[in-house]
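# A look at the structure
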Amino acid sequence: MEALISFARENVVILLFVVIGLGYLVGKLKIAGIGLGPTTGILIVGLVIGLAQIEVPEIIKGLTFTIYLFVLGTMVGPGLVRVLTSKSAFKYLVMCVFTAVVAGVSVYLMALVFGLNNIVAGGLTAGAVTTSAVLAAAQGAVFSGSVQLPEGLAPSDAGNILASAYAITYLYGTFGLIILIKLCPTLVGADIAKEAAKLDAVGSVPQKRIAPSVRAWRLELPKYIGSTAGELVKNVEKRREEGALPSLEQVIRNGERLSVTDDLVLAKDDILTFLAPSHLLMRGNETLGPEVAETDALAVDMASAELVLTNNAHVGRRLSELLNEHGYGISLERVVRLGTEMPKDDEDFELIAGDVLFVFGSARCVSIFADEVGYEVTNQMTTDLMNTSFFIAVFAALGTITVTVAGIEIPPLGGSAMGAMFGGAILGWLRTRSPSMGSVSAPAATALSDLGLSLFIAAVAIGAGGSLISTMQAFGVNLLIAGAFVTTVCTISCFFFGHFIMRLNVAENAGATTGVMTGVAIAEVCKDAKSSAPAVAFGLPGAVSSLTFIVVGLVILAIVP
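Residues numbered from 1 in each chain as written. Predicted model: local features only at pLDDT ≥ 70, side-chain atom pairs only at ≥ 80, totals over all residues. Heavy atoms only, no water.

### Observations regarding the state of the cysteines
According to the stated counting rule, one finds zero disulfides in the structure shown. Looking at C184, it has no disulfide partner, and the nearest cysteine sulfur is the one in C494, 8.8 Å off. Unpaired in this structure, C494 has its nearest cysteine sulfur neighbour in C96, at a distance of 7.5 Å. (Disulfide = S-S within 2.5 Å.)

Here's what the structure looks like:
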């Protein structure tokens, strides 16, 4: 065992990836049917291994803080701009700010009651609201020297105590939140499923976006001979009940492919190739003529695309409106907003700038739809590391600038890691205007986000393991009570504020409250609601509340003795 521990101490980088792998494995375990999740799994494994007193070099911690907060910033930026500029989304900002104030007051009260110092209180803040970004920002502030530490406490020890307090309060923050969200509708005398049904009834009926089929006919019957291509498509569209809009993909006349336009006049013996849901094509033999199975007639170039919404004409409109007006010959695979996939069975949510739409269909239709949406990511596997790296470097450097107040040097941006987060926020917003700037491919963005968070949690958990027992001995029961108090008060206060002050529908409020509290079990809320309505309200507050809670955490570090 000594040899193994010695090897781990000498090869911390290897150990970090072992912790991540084991953490993901542990994260697959379930408690009462609810998965622990990778963050909890990594935290548990890291703490256990950290009991062997293994130190993680500060440069590794600093790197993980910086990468994680930068990636977080790229998601926070567009969401923050959205809630500041949209009347419909501003309510979520109000909820985030209100809950942040409640959290700050609750933590400060617990610090006074139980005699917690500012470092322990900072970890309590991060764990009780399950916001890893608060821990990252607090660690960065501690190591940058902008936080006054208790007498005799070194920055490295303070960082480990921060992480220990975070770990002790994190589990209730995660699972207590799920239980509280389930109870909140009952506390206001409402049934979340019935309330969600009201939202679904007001919105458009969910449509099954069935992938279109390719079929061809020879035009021999008189009904459409002499008609235009546009008239034919409109008549076919009248019978549409679900799925993609029909598209006349090609017209072959005497062996020559004609350019398909709405005013193209159809002639006898033209071969018409359609791309449409199969139910729209069932009567082709009755209205057009005999079906054609030749390869040339069915040869339609297909394509997939990743599209970023930059066309302001569609910002604020519902997804269903965009698809029903312009979705000819395509099927929508998924929509991603601020790194979160939107519910597939609900097209009634409003689109925001920067939404990413993944579509599939004929190359011609995909190209037309891309022009309508705004920007097509032409190379989905390319990442602009040049601009991304410059943003991290420049804003991290700006974060190191200090000003002297009352003889104390204070970095206004909170240190290099927080500076990187501000840089990420600006870059994230710029991407909604010019997606090619600092573009990150979808797979790379997911990998960078997951790996950045995982490395950060693994690094702080290993370091915290050595101080976990001493922290438990000094503050254990009191810290658990304080964490449970803060989580409970914040969750119920947020839900009540959304219900009685903001007048949100209970299902929408449950999703928004989960987002404000940076919860991860939105699927559980949707399951209770028997609807995807809570998920629509989850994304924006989930992104913005990370920033508001960071502010609370830094204030707590500054004002708690």
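Past the structure itself, the notes keep going.
### Observations concerning the packing of helix α13 (residues 319-326) against helix α14 (residues 363-373)
Following both chains from N to C, one finds α13 and α14 inclined at 135°, their axes separated by 11 Å at the closest point. For the element pair α13 / α14, the angle class is oblique. In the crossing of α13 with α14, the sense of the turn from one axis to the other is right-handed. Residue-level inspection shows L322, L323 and H326 of α13 in contact with α14, the latter providing F369, E372 and V373. Its residues assigned to classes, the contact of α13 with α14 comprises four nonpolar, one polar and one charged. (Axes fitted to C-alpha atoms, helices over the stretch in contact; angles between N-to-C directions. Helix = DSSP H or I, 4+ residues; strand = E, 2+ residues; numbered from the N terminus. Parallel < 35°, antiparallel > 145°, perpendicular 65-115°, else oblique. Left-handed = near helix turned anticlockwise from the far one by under 90°. Contact = heavy atoms within 4.5 Å. Nonpolar A, V, L, I, M, F, W, Y, C, P; charged D, E, K, R; others polar.)

### Some words on the confidence of the model for the protein
In this model, the protein carries a mean pLDDT of 87, and residues with pLDDT of at least 70 account for 93%. Across the protein, element-level confidence peaks in helix α6 (residues 118-128) with a mean pLDDT of 96 and bottoms out in strand β14 (residues 408-410) with 64. (pLDDT = per-residue confidence, 0-100.)

### What to know about the pairing of strand β8 (residues 302-309)
Looking at chain direction, β8 and strand β11 (residues 356-362) are connected through seven bridges and run antiparallel. Bridge assignment links M302 to a residue of β11, and that residue is S362. (Pairing = 2+ DSSP bridges.)

### Observations concerning the sheet that holds strand β7 (residues 291-292)
The strands making up a sheet associate through hydrogen bonds between their backbones, and the pairing can be parallel or antiparallel. The five strands lie next to each other as β5-β4-β6-β3-β7, forming an open sheet whose pairing is antiparallel. Lying at the two open borders of the sheet, with one neighbouring strand each, are β5 (256-258) and β7. Judged from the five bridges that link them, strand β4 (residues 247-253) and strand β6 (residues 271-276) form a sheet pairing that is antiparallel. Within β6, the residue paired with Q250 across the bridge is T273. Across the face of the sheet, helix α10 (residues 229-237) comes into contact with β4 and β6 while running at roughly 40° to β6.

### A closer look at the sheet that holds β8
Spatially, β10-β9-β11-β8-β12 is the arrangement adopted by the five strands of the open sheet, whose pairing is antiparallel. Single-partner strands in this sheet number two, and they are β10 (340-341) and β12 (374-376).

### Describing the packing of aromatic side chains
The geometry of an aromatic ring pair comes down to the distance between the two centres and the angle between the two planes. Per the stated rule, a full pass over the model turns up five aromatic pairs. Note on Y166 and Y170: the rings are 5.2 Å apart at their centroids and 50° apart in plane angle, and the pair reads as tilted. Note that Y166 and Y170 are positioned in helix α8 (residues 155-187) at a spacing of four residues, about one turn of the helix. We note that Y166, like Y170, is buried. Between F391 and F395 the ring centres are 5.8 Å apart and the planes differ by 15°, which places this aromatic pair in the stacked class. With F391 and F395 both in helix α15 (residues 385-399), this residue pair falls four residues apart, about one helical turn. Residue class for F395 comes out buried when judged on its relative accessible area of 16%. Lying across the ring of F358, R334 places its NZ or CZ 4.1 Å from the centre. (Phe/Tyr/Trp six-rings, centres within 6.5 Å; stacked < 30°, edge-to-face > 60°. Buried < 20%, exposed > 50% of the residue type's maximum accessible area, 1.4 Å probe, protein only. Lys NZ or Arg CZ within 6 Å of the ring centre and 35° of its normal.)

### Quick notes on α10
Those residues of α10 that fall on the buried side of the exposure criterion are A229, G230, L232, V233, V236 and E237. Buried residues of α10 fall within an arc of 160° about the axis and therefore sit on the same side. Buried residues belonging to α10 abut β4 and β6. (Arc of directions from axis to C-beta.)

### Some words on a nonpolar patch on the surface
Taken together, the side chains of F7, I14, V18, L22 and L25 make up a nonpolar region of the molecular surface, amounting to roughly 450 Å² of accessible area. With four residues, helix α2 (residues 12-27) is the single largest residue contributor to the nonpolar patch. Topologically, I14 is positioned in helix α2. (Patch = residues over 30% accessible without salt bridge, like charges linked within 9 Å, V, L, I, M, F, W, Y side chains within 5 Å. Areas by Shrake-Rupley, 256 points an atom, 1.4 Å probe, with all protein chains shown as cover. Salt bridge = Lys/Arg side-chain N within 4 Å of Asp/Glu carboxyl O.)

### Focus: unusual backbone geometry
A negative phi angle characterises most non-glycine residues, just as the trans form characterises most peptide bonds. At N254, a residue that is not glycine, the phi angle is positive and equals roughly 55°. Relative to the assigned elements, N254 resides in the loop between β4 and β5. Residue N254 is classed as exposed on the basis of its relative accessible area, which comes to 79%. In this structure, D269 is a non-glycine residue whose phi angle is positive, near 75°. Along the chain, the position of D269 falls in the loop between β5 and β6.

### Notes on the side chain of N509
By secondary structure assignment, the location of N509 is in helix α18 (residues 506-516). The class for N509 is buried, based on a relative accessible area of 0%. Those residues in contact with N509 that sit more than four places away from it in its chain are M95, C494, F495, G498, H499 and L504.

### Observations regarding the packing of helix α7 (residues 132-144) against α8
For any two helices packed against each other, one specifies the inter-axial angle together with the distance between the axes. Two elements in contact, α7 and α8, have axes whose closest approach is 9 Å; the angle formed by their N-to-C orientations is 165°. Here α7 lies roughly antiparallel to α8, going by the angle between them. As for the relative orientation of α7 and α8, their crossing is right-handed in sense. Counted together, S132, L135, A138, Q139, V142 and F143 of α7 and P155, S156, A158, G159, L162, A163 and Y166 of α8 form the full contact between these two elements.

### A short note on the pattern of salt bridges
Taken as a whole, this structure holds 12 salt bridges when the rule is applied. Of the charged contacts in the structure, one is a salt bridge between E524 and K182, with a shortest N-O distance of 3.4 Å. Residue E524 is found in helix α19 (residues 522-529), and its partner K182 is found in helix α8; the two are separated by 342 residues along the sequence. Classification of K182 by relative accessible area gives partly exposed; the value is 35%. Through salt bridges that share partners, K182, E524 and D528 make up one connected network.

### Concerning α13
Spacing of three or four residues puts side chains on the same side of an α-helix, whose turn is 3.6 residues. By the burial criterion, the buried members of α13 are L319, S320, L322 and L323. End-on, the buried residues of α13 take up no more than an arc of 160°, which puts them together on one face. Turning to α13, the residues buried within the fold contact β9 (330-337), β11 and α14.

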